[in-house]
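Listed below, chain by chain, are the residues.
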Amino acid sequence: MEKEATLLPPGSKPRAFTLDRITCLEAAGELEPALKLANQYRDFYPNEFTFYYLSSQILERMKKYPDAIAAAKKGFEVSYGDNKIRMATLLVRLYGSVPDKASAKKIVDEITAQIKPDAKLQIRTHRYLKKLQEAWASL
């Protein structure tokens, strides 16, 4: 992936290659390099959910919960739609690890007040909301 990324025009940021690379590094247990890359791309794309989500997950796996919560909170602020629900689920899980049930409840309440998809629609939003409720129930 690194070799392919070098074929891009000078100055471009190989975002897609980097997403795959972070995922592969994490899966291989190379958490520090994966985190370094995720943080680097968070800086490149500060208003995008993706790299906050990845870095938060890696930090959670490293049991660095305060750092994971900080990254997830920023990711929550810049996300919307289904990605906001996904980040909320991650935050609830992280808050359960510290534990901070009050903050988790606040996130659940915010999402359930904001996002109310039509029950007749067959969309993934329902699945993400179910995962959020499951995360909350697990606390």
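The structure presented is a predicted model; accordingly, all values stated were derived computationally and were not measured. (Residues numbered from 1 in each chain as written. Predicted model: local features only at pLDDT ≥ 70, side-chain atom pairs only at ≥ 80, totals over all residues. Heavy atoms only, no water.)

### Considerations on the overall build of the protein chain
- Across its full length, the protein chain holds 8 helices and 0 strands.
- For the protein chain, the succession of helices and strands along the chain, N to C, is α-α-α-α-α-α-α-α.
- With respect to the principal axes defined by its C-alpha atoms, the protein chain has extents near 45 × 35 × 25 Å.
- Out of the 139 residues in the protein chain, the part that is buried amounts to 40%.
- Charged side chains of the protein chain number 23 positive and 17 negative; the gap between the two group centres comes to 3 Å. (Helix = DSSP H or I, 4+ residues; strand = E, 2+ residues; numbered from the N terminus. Buried < 20%, exposed > 50% of the residue type's maximum accessible area, 1.4 Å probe, protein only. Lys, Arg positive; Asp, Glu negative; His and termini not counted. Charge placed at Lys NZ, Arg CZ, Asp CG, Glu CD.)

### Looking at the nonpolar core
- Ranked by size, the top nonpolar core spans 39 residues in total, and within it Ile22, Ile58, Met87 and Ile111 carry the most contacts.
- Of all the elements in the fold, those that place two or more residues in this core are α2 (15-27), α3 (31-44), α4 (49-61), α5 (65-78), α6 (81-97), α7 (101-114) and α8 (124-138).
- When residues in this core are grouped by element, the largest group, 8 residues, is from α6.
- In contact with Ile58, not counting residues within four places along its chain, are Ile22, Glu26, Leu31, Ala34, Leu35 and Ala38. (Core = buried A, V, L, I, M, F, W, Y, C linked by side-chain atoms within 4.5 Å. Contact = heavy atoms within 4.5 Å.)

### A few points about the packing of aromatic side chains
- What the rule picks out here adds up to 5 aromatic pairs.
- Seen in terms of ring centroids, Tyr41 and Tyr45 are 6.3 Å apart; in terms of plane orientation they differ by 25°. Their pairing is stacked.
- Given the relative accessible area of 22%, Tyr45 is considered partly exposed.
- Ring geometry for Tyr45 against Phe51: centres 5.9 Å apart, planes inclined by 20°, an arrangement best described as stacked.
- Judged by its relative accessible area of 0%, Phe51 falls in the buried class.
- Through successive ring pairs, a cluster of aromatic residues spans Tyr41, Phe44, Tyr45 and Phe51. (Phe/Tyr/Trp six-rings, centres within 6.5 Å; stacked < 30°, edge-to-face > 60°.)

### Regarding the packing of α2 against α4
- Two numbers describe how α2 lies on α4: the axes approach to 12 Å, and their chain directions differ by 10°. On the basis of the axis angle, α2 is roughly parallel to α4. Side by side, α2 and α4 meet where Arg15, Thr18, Leu19, Ile22, Glu26 and Ala27 of the first sit next to Thr50, Phe51, Leu54, Gln57, Ile58 and Arg61 of the second.
- Grouping the amino acids of the contact of α2 with α4 by side-chain chemistry returns 6 nonpolar, 3 polar and 3 charged. (Axes fitted to C-alpha atoms, helices over the stretch in contact; angles between N-to-C directions. Parallel < 35°, antiparallel > 145°, perpendicular 65-115°, else oblique. Nonpolar A, V, L, I, M, F, W, Y, C, P; charged D, E, K, R; others polar.)

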